[in-house]
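Structural overview
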Amino acid sequence: MIPSDDQIRQLWDKYSLPENKRIHVTHVARVAEYLSACVMSHVSGIRIDIVLLHAAALLHDIDKNVLKREGEQHPDAGVRILKNEGCDELLPLVISHPLHSILDPKISPKTWEEKLLYLSDKMVKYEIITVDKRFDLWRAENLPKEGRIMLEKAYPLVKKLEAEIVGMINVKAWDIAGLVG
Ligand SMILES: [Fe+2]
C-alpha cells in the first residue's frame, strides 16, 4: 500500500515523529517532487512514480523516535515499521536512502525514485540547502571516526549523483532552494 497524506500523518503521530523531522521530510518531499518534474520535462521517456516518491519521502525517517531493536540502525526500524503497516512498496526507497547506502552496491539508490529521494534528503536539514552545505553541517558535528570516514567516502559519490541530476535539468544546485520556493 502507498499511504495517503492522511494515513502518513497518522503514522507520524503513531510513531511520534518529532516536529523538526516532520519539517525535514516535508521539504525533502518538495525537493524530490520538484526534481522529478524537472527530470521528466527535460528527458523524454523517463517516468517517475511521484505518488510513491512523495509517500516515501514523507516516511523515510519514521524511525527517528522508535526504540531500536538489537542490531538495528537507521533506517532498519523504519523498514520494520513500514512493513508491519503494509507499506511494502516504500521499502526499497527507505532502505536505499541513508547516507552510507551509496557506498554499498546492494542497497545503493538505483531507480529514479530511489536516486531522487537519496539526493533530496542530502539537500535538506530543516530547510532546503545544498549537498555541500549539508556535508559541512555533518562535518561540524562531533561524529565518531568511523562516521567521519564514511562521510568523506560518500561525499564524491553524492556529488556525482548531484551532478548527474542537476546536469540533466540544467539548474544550478544552489538555485534549487529558491526554485522550490
Ligand atoms: Fe532524511
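This report concerns the structure included in the present document. Since we're looking at a predicted model, the values are computed, not measured.

Cut-offs used in this document
- Residues numbered from 1 in each chain as written.
- Predicted model: local features only at pLDDT ≥ 70, side-chain atom pairs only at ≥ 80, totals over all residues.
- Axes fitted to C-alpha atoms, helices over the stretch in contact; angles between N-to-C directions.
- Helix = DSSP H or I, 4+ residues; strand = E, 2+ residues; numbered from the N terminus.
- Parallel < 35°, antiparallel > 145°, perpendicular 65-115°, else oblique.
- Left-handed = near helix turned anticlockwise from the far one by under 90°.
- Contact = placed C-beta atoms within 7 Å.
- Nonpolar A, V, L, I, M, F, W, Y, C, P; charged D, E, K, R; others polar.
- Buried ≥ 20, exposed ≤ 12 C-beta atoms within 10 Å, placed from the backbone.
- Core = buried A, V, L, I, M, F, W, Y, C linked by C-beta atoms within 7 Å.

Attention shifts here to the packing of helix H2 (residues 19–42) against helix H8 (residues 145–169). Taken N-terminus to C-terminus, the directions of H2 and H8 make an angle of 55°; their axes are 8 Å apart at the nearest point. One way to sum up the angle between H2 and H8 is to call them oblique. Considering the relative orientation of H2 and H8, their crossing is left-handed. Contacts between H2 and H8 involve Leu35, Cys38, Val39 and His42 from the first element and Ile165, Met168 and Ile169 from the second. Residue classes in the contact of H2 with H8 are distributed as six nonpolar, one polar and no charged.

What follows covers the environment of histidine 42. Residue position: histidine 42 is located in helix H2. Accessibility expressed as a C-beta count within 10 Å gives 12 for histidine 42, which makes it exposed. Spatially, the C-alpha atom of histidine 42 lies 27 Å from that of isoleucine 2, the residues being 40 residues apart in sequence. Aside from chain neighbours lying at most four places away, what touches histidine 42 is Met168, Ile169 and Asn170.

With an omega of 5°, the peptide bond running from histidine 74 to proline 75 counts as cis. One non-glycine residue, serine 16, lies in the positive phi region at around 50°. Mapped onto the secondary structure, serine 16 falls in the loop between helix H1 (5–14) and H2. In this structure serine 16 comes out as exposed when scored by C-beta crowding, with 11 C-beta atoms within 10 Å. Positive phi values are uncommon outside glycine, yet asparagine 170 reaches one of about 60°. Counting through the fold element by element, asparagine 170 comes out in the loop between H8 and helix H9 (176–180).

At their nearest, the axes of helix H3 (residues 50–59) and helix H6 (residues 112–121) sit 10 Å apart, and the two run at 35° to each other. Like other packed secondary-structure pairs, H3 and H6 cross with a definite hand, here right-handed. Contact residues: Leu52, Leu53, Ala56 and Ala57 in H3; Glu113, Leu116, Leu117 and Ser120 in H6. Residues belonging to the contact of H3 with H6 are distributed by class as follows: six nonpolar, one polar and one charged.

Attention shifts here to the environment of methionine 168. Relative to the helices and strands, methionine 168 is located in helix H8. Note on methionine 168: 14 C-beta atoms within 10 Å, which makes it partly exposed. Separated by 50 residues in sequence, methionine 168 and tyrosine 118 place their C-alpha atoms 17 Å apart. Once you skip the residues sitting within four places of it in the chain, methionine 168 turns out to touch Val39, His42 and Val43.

Membership of the largest hydrophobic core comes to 33 residues, with the highest contact counts inside it found for Val31, Ala32, Ala56, Ala57, Leu59, Leu90 and Leu117. Mapped onto this core, the elements with two or more residues apiece are H1, H2, H3, helix H5 (91–95), H6 and H8.

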